Amino acid sequence: MPTITFTQPTGEATEIAVAEGTSLMRAAVTNGVEGIVGECGGQAMCATCHIYVRPEFADQLPPISDDEDEMLDCTTAERTDASRLGCQVKMTDQLSSIVVDVPSDQE
Amino acid sequence: MNNVSAKDSVVIIGAGQAGLQVADSLRSEGFAGPITLLNGEAILPYQRPPLSKDYLGIDSPATALPLRGPDFFTTQDITLHPGAAAAVDTQARRVTLTDGSALDYTHLVFATGAANRQLPCPGADLPAVHALRTLFDAERLQAALATARKVVVIGAGFIGLEFAAAARARGVEVTVLEYAPRPMGRALSATASDWFAARHRSDGIDLRLNEGVTAIHTEGAGLSVESTAGSHYPADLVLYGVGVNARTELAEAAGLATDNGILVDSSLRTAVDGVLAIGDCASFPQAGTGARIRLESVQNATDHGRHAARSIMGQNTDYAQTPWFWSTQGRIRLQIAGISDPSDEPVVLGDPANGKFSIALLRDGVLAAVESINSPADHVAARKLVAASVALPMEVLSAPGFSLKNFAKTVLAVPA
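These figures come from a predicted structure and were not determined experimentally.

Caption draft 1: The arrangement of the overall build of chain A in detail. If you tally the helices and strands in chain A, you get two helices and five strands. Helices and strands in chain A line up, N terminus first, as β-β-α-β-α-β-β. Taken against the 2.2 N^0.38 rule, which gives 13 Å for 107 residues, the C-alpha radius of gyration of chain A at 12 Å falls within 12% of a compact globule. In terms of its C-alpha atoms, chain A occupies a principal-axis envelope of roughly 30 × 30 × 25 Å. Taking all 107 residues of chain A together, the buried fraction comes to 54%. A total accessible area of about 4,700 Å² is found for chain A, and carbon and sulfur atoms account for 45% of it. Taking the average place of the 5 positive charges on the side chains of chain A and the average place of its 19 negative ones, the gap between the two points comes to 5 Å.

Caption draft 2: Here's a closer look at the interface of chain A and chain B. Counting residues at the interface gives 20 residues for chain A, matched by 34 residues for chain B. Both faces combined, the contact of chain A with chain B buries some 2,100 Å², and carbon together with sulfur accounts for 48% of it. Across the pair Lys 405 of chain B and Asp 73 of chain A runs a salt bridge whose closest N-O atoms are separated by 2.9 Å. Our enumeration of links across chain A and chain B arrives at 12 residue pairs in polar contact (both at pLDDT 80 or more). Put simply, the parts of the chain that give the side of chain A that touches chain B at least two residues each are helix H1 (24–30) and helix H2 (66–72) of chain A. The element best represented in the side of chain A that touches chain B is H1 of chain A, accounting for four residues. By residue class, the composition of the side of chain A that touches chain B is eight nonpolar, six polar and six charged.

Caption draft 3: Representation of the sheet that holds strand E23 (residues 332–338) of chain B in the model. All names here are of chain B. Ordered in space as E22-E23-E26-E25-E24, the five strands form an open sheet in which the pairing is antiparallel. Taken across any chain shown, the strands that pair with only one partner, and hence form the sheet edges, are strand E22 (324–329) and strand E24 (345–351). Averaged over neighbouring strand pairs, the angle between their axes works out to 15° when direction is ignored. Taken strand by strand, helix H8 (residues 376–387) contacts E22, E23, strand E25 (356–363) and strand E26 (366–373), and its axis lies near 10° from that of E23.

Caption draft 4: Up close: the pairing of E24 of chain B. As paired elements, E24 of chain B and E25 of chain B share seven bridges and run antiparallel to each other. Among the inter-strand pairings, Glu 345 of chain B is bridged to a residue of E25 of chain B, identified as Leu 362 of chain B.

Caption draft 5: Spotlight on the domain arrangement of chain B. Split into domains, chain B comes out as domain 1 (10–115 + 245–312), domain 2 (118–242) and domain 3 (331–412). Taking only C-alpha atoms, the centre of domain 1 of chain B and the centre of domain 3 of chain B are 32 Å apart.

Caption draft 6: Region of the structure containing empty space enclosed by the protein. This structure, assessed with the given rule, holds one cavity of 30 Å³ or more. Empty space within the largest cavity amounts to approximately 70 Å³. In this structure, the largest cavity is lined by Val 37, Gly 38 and Glu 39 of chain A together with Gln 17, Leu 20, Gln 21, Gln 47, Leu 67, Arg 68 and Thr 302 of chain B.

Caption draft 7: Expanded view of the sheet that holds strand E11 (residues 173–177) of chain B. All names here are of chain B. On the basis of which strands lie adjacent, the open sheet formed by five strands has the order E9-E16-E10-E11-E12 and parallel pairing. A single partner strand is all that each edge strand has here, and the edge strands are strand E9 (129–130) and strand E12 (206–208). Note: E9 against strand E16 (residues 237–240), two bridges, orientation parallel. By the bridge assignment, Val 129 is partnered in E16 with Val 238.

Caption draft 8: Fine view of the UniProt feature "domain: Reductase C-terminal" (unreviewed entry) in chain B. Mapped onto the present numbering, the UniProt feature "domain: Reductase C-terminal" (unreviewed entry) falls on residues 324–407 of chain B. Span residues 324–407 of chain B is 24% helix and 43% strand, its end C-alpha atoms 19 Å apart.

Caption draft 9: Here's a closer look at the side chain of His 379 of chain B. Residues and elements named next belong to chain B. Relative to the elements of secondary structure, His 379 occurs in helix H8. Among the residues examined, His 379 registers a relative accessible area of 0% and is labelled buried. Once residues within four sequence positions are removed from consideration, His 379 is found in contact with Trp 324, Phe 325, Gln 335, Ile 336, Ala 337 and Ser 372.

Caption draft 10: Here's a closer look at the packing of aromatic side chains. Residue and element names in this part refer to chain B. One pass over the full model with this rule turns up six aromatic pairs over all chains. Aromatic pair Phe 402 and Phe 407: ring centres 5.5 Å apart, planes at 50°, arrangement tilted. With a relative accessible area of 17%, Phe 402 lands in the buried category. Judged by its relative accessible area of 13%, Phe 407 falls in the buried class. Between Arg 68 and the ring centre of Phe 72, over which it is positioned, the NZ or CZ distance is 5.4 Å. Here the guanidinium or amino end of Arg 383 rests over the ring plane of Trp 324, the centre of that ring lying 3.7 Å away.

Caption draft 11: Structural context of the pattern of salt bridges. Residues and elements named next belong to chain A. Per the stated rule, a full pass over the model turns up 18 salt bridges over all chains. Salt-bridge contacts for Arg 79 lead to Asp 69; the nearest nitrogen and oxygen are separated by 2.7 Å. Residue Arg 79 is located in the loop between H2 and strand E4 (83–85), and its partner Asp 69 is located in helix H2; the two are separated by 10 residues in the primary sequence.

Reading the values: rules and limits
- Residues numbered from 1 in each chain as written.
- Chains lettered and ligands numbered in written order.
- Predicted model: local features only at pLDDT ≥ 70, side-chain atom pairs only at ≥ 80, totals over all residues.
- Heavy atoms only, no water.
- Helix = DSSP H or I, 4+ residues; strand = E, 2+ residues; numbered from the N terminus.
- Rg over C-alpha atoms; globule rule 2.2 N^0.38 Å.
- Buried < 20%, exposed > 50% of the residue type's maximum accessible area, 1.4 Å probe, protein only.
- Areas by Shrake-Rupley, 256 points an atom, 1.4 Å probe, with all protein chains shown as cover.
- Lys, Arg positive; Asp, Glu negative; His and termini not counted.
- Charge placed at Lys NZ, Arg CZ, Asp CG, Glu CD.
- Contact = heavy atoms within 4.5 Å.
- Buried area = accessible area lost by both parts, 1.4 Å probe.
- Salt bridge = Lys/Arg side-chain N within 4 Å of Asp/Glu carboxyl O.
- Polar contact = N/O pair within 3.5 Å; in protein donor to acceptor, adjacent residues only side chain to side chain.
- Nonpolar A, V, L, I, M, F, W, Y, C, P; charged D, E, K, R; others polar.
- Pairing = 2+ DSSP bridges.
- Axes fitted to C-alpha atoms, helices over the stretch in contact; angles between N-to-C directions.
- Domains from an automatic or database assignment.
- 1 Å grid on protein atoms, 1.4 Å probe; cavity = no way out; pocket = protein on both sides within 12 Å on 5 of 7 lines; lining within 4 Å.
- Points joined across faces, edges and corners; volume = space filled by probe spheres on them.
- UniProt positions renumbered as here; feature names shortened; annotations may be inferred.
- Phe/Tyr/Trp six-rings, centres within 6.5 Å; stacked < 30°, edge-to-face > 60°.
- Lys NZ or Arg CZ within 6 Å of the ring centre and 35° of its normal.

The following block contains the structure:
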């Protein structure tokens, strides 16, 4: 099973094993990972599942759609090159593990 | 200003977005007393918006998206109670549950939500006639949709059109009947509504306006939907989405004032001491105008939840969040900031022909609302501009190259 590691601003890390096709947002919300809200339910409408993807996984990610790109411009925490919306990144056989940092603020 | 005491307890009726948010926010605001969230069912509270969208697609997720993980309730010391409230005694500050047990409260929050309006015609109770509100409804609908060939949707509101687009994307023949002259006519400007009508038709949906339903008949193995125009539409699945009513029965029986919702003031309190109402079930004064409104949206539910928690903690400020809404209909993403009025002056930004544009709605020279279609950047800027009641002269708005994002940066000094 693919695994996702969420690292909090405190340094605390949570590793979660998920089924293929599970988004980072769904994994975080279902497992109660602090700092990921997912208020719109995964529609890329609210930007409350903002995460920073560690650079070593960047080339395995799906491209950023126009919608995601525009929503990333309105995250509460600062957007960087590593920013993604957790609802738009799904674990696949190409992306079997990932480490992401949770921002300090979402809303 | 009332001071919250360490002995205070909170009971919340309803574990939807609003009820959960008030429980969550109470803890983050430092409330230390017992919190009981009456769920009314034995499953983990879940998100409803995906039920009419993702959930109906071919590659739909197998399980509902919970609002919070199971550990949340333990770590936050929030009692998620499967029971449902049967009666409230506001004098004794006691909620009686349907199983006969009782809970005492210092603060009570109604977050009872809304219930689907029933379809008022013969045949509405036939098994292949569906409504959509709960996970159970969505599961039934998902199963029925897997084999459906012809679908009739009654009501061209958000739910009806989200479902129609999802069904059409699966190759199903879809007819939509709407008694009003426009789809989503109460929520959208005429300009946006007309664009949606054309777009859904070009995607192959048979959208019939000014045409209601009079009866649903059984015909062979399927159904036949009879319309006000005298037409008969065959279907093996009917979905209706004809609006909702606030769930106010319990509040009414407890003596609380209601009028299309439980009446609350600007701090979301009812006239009865210690009792609040939030989310879909609450009728509250709109910031600025003071006019009573009742909204059905995730944003309203969660912002009400946060505000009610602060009210309970003794901070009686006026609720003044800018409403926003969204809908996903097939590949069309609609986002709305603010609440439009039919008298607003519409200005189209961008090119409707390429399916990416916004409609700015001006009222007395101020940006009152913005409807964005496949234009999230416009929407995000619009939320800030509408919240700030920014004056937006027509000559600025209609100048070539005008963008809401750049305008917001200039007038609000929003960091890039």
